[in-house]
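# Architecture and fold: a report
Residues per chain are reported as follows:
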Amino acid sequence: GVRLTRRLVPSMVEGGWGRVVFVGTVGSVRPNSRNPQYYVAKAALPALTLSLAKELAGSGVTVNLVSPGMIATAEVRAMVERQAKRNGWDGDWDQLSQRAATETMPNLVGRVTEPNEVADLVSFVASERASAITGANLRVDGGAADAVSP
């Protein structure tokens, strides 16, 4: 990511407009107990984002980080469905998502974030309308970083 950014940013600066959007994880501030190497690498992204945003100040190029929490990918849905089967939970995906978000993967909105919600945020910060947002770590985690674990 850093090498690619370094190759692309000069032409953005030259053109007076550009968007750099890194995708991280809420795990950079709330790491899990497994895969520490993953979380260490992701923890560098907030510093990289802010440092690069400062370096590019006034250039017309913004730099932001979108940090999702648990996302309802096919893998996560399968994991929740296996958990539901083990625990005897009934219901459709919406009900299972709510149960998982209150009992095992707590967040403040009470459901698992959908992929399109992350995509919408990335699209927005990459747009012209987000010209006053730079150096930000934008969490799209349903408030998971601030939720109390079970």
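This report concerns the structure included in the present document.

## Here we look at the overall build of the chain
Within the chain, the secondary structure is distributed over 5 helices and 3 strands. For the chain, the α and β elements follow one another from N to C terminus as α-β-α-β-α-α-α-β. Considered along the principal axes of its C-alpha atoms, the chain spans approximately 60 × 30 × 25 Å. Look at the contacts in the chain between residues 6 or more apart in sequence, and 68% of them connect residues 24 or more apart. For the chain, the accessible surface area stands at approximately 8800 Å², while carbon and sulfur atoms represent 54% of it. One finds the centroid of the 16 positive side-chain charges in the chain at a distance of 7 Å from the centroid of its 14 negative side-chain charges.

## Points about the packing of aromatic side chains
Under the counting rule described, the total for this entry stands at 1 aromatic pair. Seen from their ring centres, Tyr-38 and Tyr-39 are 5.0 Å apart, and the 85° between their planes marks the pair as edge-to-face.

## Re the sheet that holds strand β1 (residues 18-23)
Pairing within the open sheet is parallel, and its 3 strands lie in the order β1-β2-β3. The sheet is open, and its two edges are formed by β1 and β3 (137-140), each paired on a single side. Geometrically, the sheet is characterised by an average inter-axis angle of 25° between neighbouring strands, direction not taken into account. Against the sheet, helix α1 (residues 2-15) contacts β1 and β2 (61-68), and its axis sits at roughly 155° relative to β1. Across the face of the sheet, helix α2 (residues 36-55) comes into contact with β1, β2 and β3 while running at roughly 160° to β2.

Reading the values: the criteria
- Residues numbered from 1 in each chain as written.
- Predicted model: local features only at pLDDT ≥ 70, side-chain atom pairs only at ≥ 80, totals over all residues.
- Heavy atoms only, no water.
- Helix = DSSP H or I, 4+ residues; strand = E, 2+ residues; numbered from the N terminus.
- Contact = heavy atoms within 4.5 Å.
- Areas by Shrake-Rupley, 256 points an atom, 1.4 Å probe, with all protein chains shown as cover.
- Lys, Arg positive; Asp, Glu negative; His and termini not counted.
- Charge placed at Lys NZ, Arg CZ, Asp CG, Glu CD.
- Phe/Tyr/Trp six-rings, centres within 6.5 Å; stacked < 30°, edge-to-face > 60°.
- Pairing = 2+ DSSP bridges.
- Axes fitted to C-alpha atoms, helices over the stretch in contact; angles between N-to-C directions.

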